[in-house]
Amino acid sequence: MNQNEFVIITDSLKKNYKENGIEVKAVRGVNLKIKKREFSAIVGPSGSGKTTLLNLISGLDIPDDGKIWLNNKLLSEMSGKELSDFRRDHIGFIFQAYNLIPVLTVKENIEYIMLLQGVEKKERHKKVLNILREVGLEGMETRVPTKLSGGQQQRVAIARAMVSNPSLILADEPTANLDSKTSGELLNMMRRLNETTGMTFLFSTHDKMIMEKARRVITLKDGLIEKDEIKD
Amino acid sequence: MIILKIAFRNIFRQKRRTVFTSITILIGFSLAAFSIGWADGSYNNIINMFTRNWLGHIQIHYDDYLDNPSLYKTIENYKQIGKKLENIKGVEVWTPRVFSGGLASAGNKSSGVQIIGIEPNMENNTTKFSKKIIKGNFFSSNGSKEILLGKGAAKALNIKLSDQVVLISQAADGSIANDLFKFVGIVNTDNDLYDRSSLYLTLKDAQEFLVLEGKIHEIAIVTKKLNNVRNIAKIISKEITNKDLDVAPWQIFAKSFYRAMKADKGGMWISLFVITLVVAVGVLNTVLMSVLERTREFGVLKAIGTRPKQIIKLILYEINIITLISIVFGSIIALLANYYLSIHGIHLSQSFTYGGMKFSEMLTEINARSFYIPAITVFFTASFVGIFPAIKAAKTNPVKSLRFH
């Protein structure tokens, strides 16, 4: 099997944590491979380990055992600074609560990562305009997050996650705070972007709509993969 | 640049906290600037009163005259030296003096006196001597055979204006100097110790009386600025070339006064330390609160690839911007307060005596150090205490702060 066709590979991934003094086995040996361009969802009931798995994959959390490769790079071999840079350059995050930087405008939020990367002004400007068009927020560059609706804020978050062309987009419950109409619109948009840009999308969700739109649904139960369903 | 932009906007986002932090820094800075201006103004005022009143800022004597005074340790070519002094930048005025001990008698009273020969016009220019006459007059135009007595000395002799005074001393040629003088005025230098024994003659009379033709014991020099005295003393020393002459700044010839002033100035640093401590606690408190409230924000920044070092920068930029703004406004407040009190001063309900001098008013001073010392202290204190919350912010665990669920 060609390892280069995978964005994510996890091997016997384990993670325990303590909650109110009780040890919780959140992830109990997950073996997972996510191919490039996939539009997948990790689903499962609360406490099944979805979020912990997403945290481990993104390098935000460290596994107790097992290994993670992202774009063929072993995360455990990276220093803190390398991990920061790797996240900045290869992973886009979409959060449930949008988590935009409140003091920056829409344009500044979107170009934040490119500024950290040192992308030139002209190129930044071009990319921001393109992505704003893609997410349907043209003309809103100068607005601050508080002046936007939830749906619009999540569009900005999607634009921020995608603007620097990362290979992987991790989305944690991206539709949880939105109404079904807005959720549907955003999911269609993300699926379209997945097809046009080739970026890999991995969701962690309860949302049935995401499960329906996803091409692959990985069901977690008690920290283990219970079902891995690839749709036609 | 984006980090600086976020920092700048963040300080306007949390207005109440920013205002509180700014006020803490502003008060600390203004107090420090004011207390330094106050201390410098007061001490310079005391030093100036002390030196300009009689001593001068620099004195020239023959060799070790200061430690072992003698009638014979004289400066011979003082007029030539005076010409050189007038060409030295920073020298304002100078005056020659002659000293000797003697016995003064008036009626049936006698008292030991310190005979001081002064050149009336030059002394007046240097120490505003005529203003110290509290009774009678300054020397008349030729001043011949006239004497002035210190307040205490006049009292000891129980003398009236125009009375005759017999003065006896030893002359430089070994003879007994004695002559009759007319008492024309009482001098109050505000130095009681000095006024108890001082008897003033014109320089010409003193030189004649003591057989010191063309010779003097002391040149007192007043400089334009107090803070450059040591350098000017060095320049004078080089210019006059005579190795037998000793050029001393006031810090040397008024050693004990200088030491007392230095010790007193130590109090200024203690108050600066206390102010710094207050600023440090205030800044630490508000910045730490701000960091604790924003852990989610730092978690997001870290998650999307902001390095911990950049988060430290963000917090320090925020502190530095607030500090700089506070310093600007604090400078204006301190400048206005120092300016007002440098003119009007603070009148003391009860005057105090320092080095034998009476002081009834304290003035502040506007100088560069009363701004740059607090500015540097406050800036580095705020930055230093800001490092701890900044590190805390940089160490934010994104997993905990974001709580994906």
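Here the structure is a predicted model, which is why all the values come from computation and not from measurement. (Residues numbered from 1 in each chain as written. Chains lettered and ligands numbered in written order. Predicted model: local features only at pLDDT ≥ 70, side-chain atom pairs only at ≥ 80, totals over all residues. Heavy atoms only, no water.)

A.B. asks: Outline the overall build of chain A, supporting the account with residue identities and numerical values.
C.D. replies: In terms of helices and strands, chain A carries seven helices and 10 strands. For 232 residues, the compact-globule formula gives about 17 Å, and the C-alpha radius of gyration of chain A, at 17 Å, lands near that figure. Seen through its C-alpha atoms, chain A measures out along the principal axes to roughly 45 × 40 × 40 Å. Burial statistics for chain A: of 232 residues in total, 54% are counted as buried. (Helix = DSSP H or I, 4+ residues; strand = E, 2+ residues; numbered from the N terminus. Rg over C-alpha atoms; globule rule 2.2 N^0.38 Å. Buried < 20%, exposed > 50% of the residue type's maximum accessible area, 1.4 Å probe, protein only.)

A.B. asks: Outline a positive patch on the surface, listing residues and values.
C.D. replies: Positive charge collects at one region of the surface, where Arg-230, Lys-234, Lys-238 and Lys-262 of chain B lie side by side. Relative to the helices and strands, Lys-234 of chain B resides in helix α8 (residues 229–240). (Patch = residues over 30% accessible without salt bridge, like charges linked within 9 Å, V, L, I, M, F, W, Y side chains within 5 Å. Areas by Shrake-Rupley, 256 points an atom, 1.4 Å probe, with all protein chains shown as cover. Salt bridge = Lys/Arg side-chain N within 4 Å of Asp/Glu carboxyl O. Lys, Arg positive; Asp, Glu negative; His and termini not counted. Charge placed at Lys NZ, Arg CZ, Asp CG, Glu CD.)

A.B. asks: Could you give an account of the interface of chain B and chain A, naming the residues involved and the relevant values?
C.D. replies: Chain B puts 25 residues into the contact, and the matching count from chain A is 27 residues. Counting the surface lost from both chain B and chain A, the interface buries some 2,500 Å², and carbon and sulfur atoms represent 64% of this. The interface formed by chain B and chain A holds three salt bridges in total. Between Lys-5 of chain B and Glu-108 of chain A there is a salt bridge whose closest N-O contact spans 3.1 Å. For the side of chain B that touches chain A, the secondary structure elements donating two or more residues are α1 (2–13), α11 (295–303), α12 (308–344) and α14 (398–402) of chain B. Among the residues making up the side of chain B that touches chain A, the classes are represented as 12 nonpolar, six polar and seven charged. (Contact = heavy atoms within 4.5 Å. Buried area = accessible area lost by both parts, 1.4 Å probe. Nonpolar A, V, L, I, M, F, W, Y, C, P; charged D, E, K, R; others polar.)

A.B. asks: Account for the sheet that holds strand β1 (residues 6–19) of chain A, naming residues and giving values.
C.D. replies: Strand pairs in the sheet, formed through backbone hydrogen bonds, run parallel or antiparallel to each other. Residues and elements named next belong to chain A. Read from one edge of the open sheet, four strands run β2-β1-β4-β5, paired in antiparallel fashion. Every other strand in the sheet has two partners, leaving β2 (22–35) and β5 (73–74) as the edge strands with one partner each. Relative to β5, strand β4 (residues 65–70) runs antiparallel, the two being bridged by two bridges. Bridging across to β5, Leu-70 finds its partner in Lys-73. (Pairing = 2+ DSSP bridges.)

A.B. asks: Please give an account of the environment of Ser-164 of chain A that cites residues and values.
C.D. replies: Residue and element names in this part refer to chain A. In this structure, Ser-164 sits in the loop between α5 (150–162) and β7 (168–172). Here Ser-164 falls in the buried class, since its relative accessible area comes to 11%. C-alpha separation for the pair Ser-164 and Val-128, spaced 36 residues apart in sequence, amounts to 9.5 Å. Beyond its immediate chain neighbours, meaning those up to four positions away, Ser-164 contacts Arg-88, Ile-113, Met-114 and Gln-117.

A.B. asks: Quick rundown of the pairing of β2 of chain A? Include the residues and the values.
C.D. replies: All names here are of chain A. Note: β1 against β2, 11 bridges, orientation antiparallel. Bridge pairing links Thr-10 to Leu-32 in β2. Counted between consecutive antiparallel strands, the loop separating β1 from β2 contains two residues, among which Asn-20 sits at a positive phi close to 55°.

A.B. asks: For the domain arrangement of chain B, give the residues involved together with the corresponding values.
C.D. replies: Taken domain by domain, chain B consists of domain 1 (2–51 + 258–402) and domain 2 (64–243). Computed over C-alpha atoms, the centres of domain 1 of chain B and domain 2 of chain B are 50 Å apart. (Domains from an automatic or database assignment.)

A.B. asks: Outline the packing of aromatic side chains, supporting the account with residue identities and numerical values.
C.D. replies: All names here are of chain B. Applying the stated criterion to the full structure yields 17 aromatic pairs over all chains. With centroids separated by 5.9 Å and ring planes inclined at 45°, the aromatic side chains of Phe-129 and Phe-138 adopt a geometry described as tilted. Using a relative accessible area of 0% as the deciding quantity, one classes Phe-129 as buried. In textbook terms, an aromatic cluster arises when at least three aromatic residues are bridged by ring pairs, as seen for Trp-54, Phe-129, Phe-138, Phe-139, Tyr-194 and Tyr-200. Sitting above the plane of the Trp-54 ring, Arg-97 keeps its charged end 3.6 Å from the centroid. (Phe/Tyr/Trp six-rings, centres within 6.5 Å; stacked < 30°, edge-to-face > 60°. Lys NZ or Arg CZ within 6 Å of the ring centre and 35° of its normal.)

A.B. asks: Describe the side chain of Ser-401 of chain B, naming the residues involved and giving the relevant values.
C.D. replies: Residues and elements named next belong to chain B. Within the secondary structure, Ser-401 is located in helix α14. A distance of 3.3 Å separates a polar side-chain atom of Ser-401 from the backbone oxygen of Pro-398. Aside from chain neighbours lying at most four places away, what touches Ser-401 is Thr-295, Arg-296, Gly-299 and Thr-396. (Polar contact = N/O pair within 3.5 Å; in protein donor to acceptor, adjacent residues only side chain to side chain.)

A.B. asks: Which residues make up the packing of helix α3 (residues 106–117) of chain A against α1 of chain B, and what values do they have?
C.D. replies: For the pair α3 of chain A and α1 of chain B, interaxial distance at closest approach is 10 Å and the crossing angle is 140°. Accordingly, the angle class assigned to the pair α3 of chain A and α1 of chain B is oblique. Residues Glu-108, Tyr-112, Leu-115 and Leu-116 of chain A of α3 of chain A touch α1 of chain B, and the partners they reach there are Ile-2, Ile-3, Lys-5, Ile-6 and Arg-9 of chain B. The residue makeup of the contact of α3 of chain A with α1 of chain B, split by class, is six nonpolar, no polar and three charged. (Axes fitted to C-alpha atoms, helices over the stretch in contact; angles between N-to-C directions. Parallel < 35°, antiparallel > 145°, perpendicular 65-115°, else oblique.)

A.B. asks: Pulling in residues and values, what's your account of the environment of Ser-141 of chain B?
C.D. replies: Here Ser-141 of chain B shows up in the loop between β4 (133–136) and β5 (146–150). Residues Ser-141 of chain B and Lys-84 of chain B lie 57 residues apart in sequence; the distance between their C-alpha atoms is 27 Å.

A.B. asks: Describe a nonpolar patch on the surface, and please don't skip the residues or the numbers.
C.D. replies: Residue and element names in this part refer to chain B. A surface patch of nonpolar side chains, amounting to about 670 Å² of accessible area, comprises Phe-8, Phe-12, Ile-325, Val-328, Phe-329, Ile-332 and Leu-336. Where the nonpolar patch is concerned, the elements lending two or more residues are α1 and α12. The biggest single contributor to the nonpolar patch is α12, with five residues. Secondary-structure assignment places Phe-12 in helix α1. According to the relative accessible area criterion, Phe-12 is partly exposed, its value standing at 44%.

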